[in-house]
Amino acid sequence: MSRRITYQTHGTCSKLIEVEIGDDGTVQDVAFVGGCHGNLQGISALIKGMKAEEVISRVEGIRCGNKLTSCPDQLACALKTALQE
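Predicted, not measured: the structure shown is a model, and the values here were computed from it.

The next subject is the nonpolar core. Ranked by internal contacts, the top residues of the largest apolar core, which has 21 residues, are Val19, Val55, Leu75 and Leu79. At the level of elements, strand 1 (3-8), strand 2 (14-21), strand 3 (27-34), helix 1 (37-47), helix 2 (52-59) and helix 3 (71-84) are the ones that each hand at least two residues to this core. Take this core: its biggest share by element is six residues, from helix 3. Those residues in contact with Val55, other than ones at most four positions away along the chain, are Val27, Ile47, Met50, Leu75 and Leu79.

Structural data, given as structure tokens:
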């Protein structure tokens, strides 16, 4: 059984992130709503099958320009939320 959440992003061009995590903690699916479509499709494809904790450790804290966050950083927030549910 997997967990699926929709995460409302803050401070980024993307507005929502839909995340599905398997019982073993691996990322099953990720979809971004809004943002840079090609880049976010690439991120989604690269992290499928990875452990959520590994993704978090790699992307948490990444900033976009002068913003305090980024789509990858918001992905880390979404994954943390999904793991807590």
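So, next bit.
The next thing to look at is helix 3. Every α-helical turn comprises 3.6 residues, leaving residues that sit three or four positions apart pointing alike. The terminal C-alpha atoms of helix 3, which comprises 14 residues, lie 20 Å apart, in line with the 20 Å expected from a rise of 1.5 Å per residue. Inspection of helix 3 places Cys71, Pro72, Asp73, Gln74, Leu75, Ala76, Ala78, Leu79 and Ala82 among the buried residues, and these make up the whole buried set. Where helix 3 is buried, its residues touch strand 1, strand 2, strand 3, helix 1 and helix 2. Of the residues that open helix 3, the one with a side-chain oxygen 3.1 Å from the backbone nitrogen of Asp73 is Ser70.

Reading guide: rules and limits
- Residues numbered from 1 in each chain as written.
- Predicted model: local features only at pLDDT ≥ 70, side-chain atom pairs only at ≥ 80, totals over all residues.
- Heavy atoms only, no water.
- Core = buried A, V, L, I, M, F, W, Y, C linked by side-chain atoms within 4.5 Å.
- Buried < 20%, exposed > 50% of the residue type's maximum accessible area, 1.4 Å probe, protein only.
- Helix = DSSP H or I, 4+ residues; strand = E, 2+ residues; numbered from the N terminus.
- Contact = heavy atoms within 4.5 Å.
- Expected span 1.5 Å × (residues − 1).
- Polar contact = N/O pair within 3.5 Å; in protein donor to acceptor, adjacent residues only side chain to side chain.

Worth remembering: the numbers are spatial, not functional.
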